[in-house]
Amino acid sequence: MISLVIPLKNEALTLKPLLEELINIQKLCNKNMEIILIDDGSSDNTWQEIQKLDVSPLSIKALRFSRNFGKEAAIYAGLSEATGNPVIVMDGDGQHPPSLLPEMIKKWQQGALIVEAVKSKRPPEPFWKKICTAFFYFIFKHSTGLDLRTATDFKLLDRKVVQAYLNLPERNRFFRGLIKWFNFPSQTIPFEPQPRAEGISSWSFKKLVSFAWSSIISFSVWPLRTLMLMGIIGIIGSIGLLLQTLYIKIFGSAAPGFSTVIILQALLGSAILLGMGLIGEYLSRIYEEVKGRPLYVILEQLEK
Ligand code: UDP
Ligand code: MG
């Protein structure tokens, strides 16, 4: 049996057409399919739509979160509910074409543990988003060594991969990055994401920035390294200043040092502040992990 995990936030309009497509695909593949829908705190009629769905011969499991916990939590919940092998994760907004499923399954049968649909072209999007995502991927690649430029969350995962993912101890998760990080044998299928069928992307600028930041911090100690580097450069600079101050003092010109003090203070002050901020950032991660709060809370669920 194949499991499909679909996170949904305010996708009442796209859900039905998507499932109709999936029914057709199921006929093509001729495999049992279970669909796991996660309603991630939608404020529209997504849950009502799920209740109304009739998609036999597919079976449906649906979870409704008590509030919006984010796509990462929804994917995690879906993967833990999935019983099939392989498990496919896809968006519920119509941007991930189900027509790729047969090819994904074929590549899996040929031995790939991960089959990832990669963007051959980015969908049309606002200019600011292009700039910001390019910047994020640049930083991410240079701080973690993982190139995620064309990566998407549209992936087929072998049960082994799902198990490995669920077994990871961390709470702050970045699905796309972690799956790459395993380095399991994988294959890619290029596709062109469609524009969103309905509604708007639920990523605001603020959410994207915070997601990007959190992904980088949870993946690398690179910001800490930068701090150390800045510390080293700062110290070298300070030694130079110190020598200059001493020279001026010894060889006599009057009231030297005033500007030096200011410079030193500014330098050290900012380095210390920055350092504390960064340490606080990592500390907050430790705090998150230690708190042990559940990744999600289920409001209700159903099975058909
Ligand atoms: N999604 C979710 N929780 C969220 C935000 C998004 O479950 O807090 C779902 C959404 O319903 C969709 C998928 O994640 O199925 C991708 O979201 P979206 O299309 O908004 O993101 P984009 O395609 O712009 O990356
Ligand atoms: Mg989308």
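Here the structure is shown first, and the text comes after it.
Residues numbered from 1 in each chain as written. Chains lettered and ligands numbered in written order. Predicted model: local features only at pLDDT ≥ 70, side-chain atom pairs only at ≥ 80, totals over all residues. Heavy atoms only, no water.

Chemist: Please provide a residue-by-residue account of the overall build of the protein, values included.
Modeler: The secondary structure content of the protein amounts to 10 helices and eight strands. Taking 19 Å as the expected radius of gyration for a compact globule of 304 residues, we find that the protein reaches 25 Å, considerably beyond that expectation. Principal-axis analysis of the C-alpha atoms gives the protein an extent of 95 × 40 × 35 Å. A total of 304 residues make up the protein; the buried ones form 44% of that total. Pairs at least 24 apart in sequence give 82% of the contacts found in the protein among residues at least 6 apart. With an accessible surface of roughly 16,400 Å², the protein has 62% of that area assigned to carbon and sulfur atoms. The positive charge centre, built from 34 side chains, and the negative charge centre, built from 27, are 6 Å apart in the protein. (Helix = DSSP H or I, 4+ residues; strand = E, 2+ residues; numbered from the N terminus. Rg over C-alpha atoms; globule rule 2.2 N^0.38 Å. Buried < 20%, exposed > 50% of the residue type's maximum accessible area, 1.4 Å probe, protein only. Contact = heavy atoms within 4.5 Å. Areas by Shrake-Rupley, 256 points an atom, 1.4 Å probe, with all protein chains shown as cover. Lys, Arg positive; Asp, Glu negative; His and termini not counted. Charge placed at Lys NZ, Arg CZ, Asp CG, Glu CD.)

Chemist: Can you explain the site of ligand 1? Please cite residues and give values.
Modeler: Close contacts around ligand 1 come from 18 residues, with K9, E11, D40, D93 and S201 the closest. Between ligand 1 and D40, the relevant distance is 2.6 Å, taken from a nitrogen atom to a side-chain nitrogen or oxygen of the residue. Burial of ligand 1 by the surrounding chains reaches 91%, relative to a free accessible area of 530 Å². Partitioning the shell around ligand 1 into residue classes produces three nonpolar, six polar and nine charged. (Near = heavy atom within 4 Å. Polar contact = N/O pair within 3.5 Å; in protein donor to acceptor, adjacent residues only side chain to side chain. Nonpolar A, V, L, I, M, F, W, Y, C, P; charged D, E, K, R; others polar.)

Chemist: Just give me the short version of the coordination of the magnesium ion (ligand 2), but keep the residues and values in it.
Modeler: Think of it this way: four donors in a tetrahedron around the metal ideally sit 109.5 degrees apart, and six in an octahedron ideally sit 90 or 180 degrees apart. Taken together, D93 (OD) and Q95 (OE1) make up the full set of protein donors to the magnesium ion (ligand 2), lying 1.9 Å away. D93 gets classed as buried once you look at its relative accessible area, which sits at 4%. (Donors = N, O, S within 2.8 Å, 3.2 Å for Na, K, Ca; no water.)

Chemist: Any chance you could break down helix 6 (residues 159-167) for me, citing the residues and the numbers?
Modeler: Among all positions in helix 6, only V161, V162, Y165 and L166 are buried. Down the axis of helix 6, the sector holding all buried residues measures 130°, keeping them to one side. Facing away from the buried surface of helix 6 by more than 90 degrees, the exposed residues are K160 and N167. The elements touched by buried residues of helix 6 are helix 3 (71-81), strand 4 (87-89), strand 5 (114-119), strand 6 (155-157) and helix 7 (175-182). Between the side-chain oxygen of the N-cap and the backbone nitrogen of K160 there are 3.0 Å, and the N-cap of helix 6 in question is D158. (Arc of directions from axis to C-beta.)

Chemist: Give me the side chain of Q26: which residues, what numbers.
Modeler: On the secondary structure map, Q26 appears in helix 1 (residues 12-29). Aside from chain neighbours lying at most four places away, what touches Q26 is K31, N32, M33, P57 and L58.

Chemist: Which residues make up the packing of aromatic side chains, and what are the values?
Modeler: All chains considered together, the criterion is met by 13 aromatic pairs. Between F65 and F69, the aromatic rings sit 5.5 Å apart at their centres with planes inclined by 85°, giving edge-to-face as the arrangement. When its relative accessible area of 2% is taken as the criterion, F65 is described as buried. For F69, a relative accessible area of 23% puts it in the partly exposed group. Judged by centre distance (5.2 Å) and plane angle (80°), the rings of W128 and F205 are edge-to-face. Taken as a pair, W128 in helix 5 (residues 127-144) and F205 in helix 8 (residues 205-219) lie far apart in primary sequence, 77 residues in all. Relative accessible area serves as the criterion here: at 36%, W128 is assigned to the partly exposed category. (Phe/Tyr/Trp six-rings, centres within 6.5 Å; stacked < 30°, edge-to-face > 60°.)

Chemist: How would you summarise the nonpolar core if you had to cite specific residues and measurements?
Modeler: Judged by nonpolar contacts, the single largest core of 38 residues is most densely connected at V5, L79, F140, L157, Y165, F175 and I179. Only strand 2 (33-39), strand 3 (59-65), helix 3, strand 4, helix 5, helix 6, helix 7 and helix 8 provide two or more residues apiece to this core. Counting residues in each nonpolar core, the second largest holds 36 residues, with L4, I25, M104 and W108 among its members. (Core = buried A, V, L, I, M, F, W, Y, C linked by side-chain atoms within 4.5 Å.)

Chemist: Outline the pairing of strand 5, listing residues and values.
Modeler: Successive residues of a regular strand alternate their side chains across the two faces of the sheet. Burial runs high along strand 5: six of the six residues are buried. Residues I114, E116 and V118 line one face of strand 5 and the alternating positions V115, A117 and K119 line the opposite face, and both faces are buried. Where strand 5 and strand 6 come together, three bridges link them in antiparallel fashion. Counterpart to V115 in the pairing with strand 6 is L156. Sheet topology note: the strand 5/strand 7 (residues 186-191) ladder contains six bridges and is parallel. Bridged to A117 within strand 7 is I189. (Pairing = 2+ DSSP bridges.)

Chemist: Provide a residue-level description of the sheet that holds strand 5, including the pertinent values.
Modeler: Taken in spatial order, the eight strands make up an open sheet running 7-5-6-4-1-2-3-8, and their pairing is mixed. The strands lining the two open edges of the sheet, one partner per strand, are strand 7 and strand 8 (298-303). Going across the sheet, the axis of each strand differs from the next one's by a mean of 15°, ignoring polarity. In the packing of helix 6 onto the sheet, contacts are made with strand 4, strand 5 and strand 6, and the angle to strand 6 comes to roughly 95°. Its contacts with the sheet put helix 7 on strand 4, strand 5 and strand 6, and the angle it makes with strand 6 is roughly 50°. (Axes fitted to C-alpha atoms, helices over the stretch in contact; angles between N-to-C directions.)

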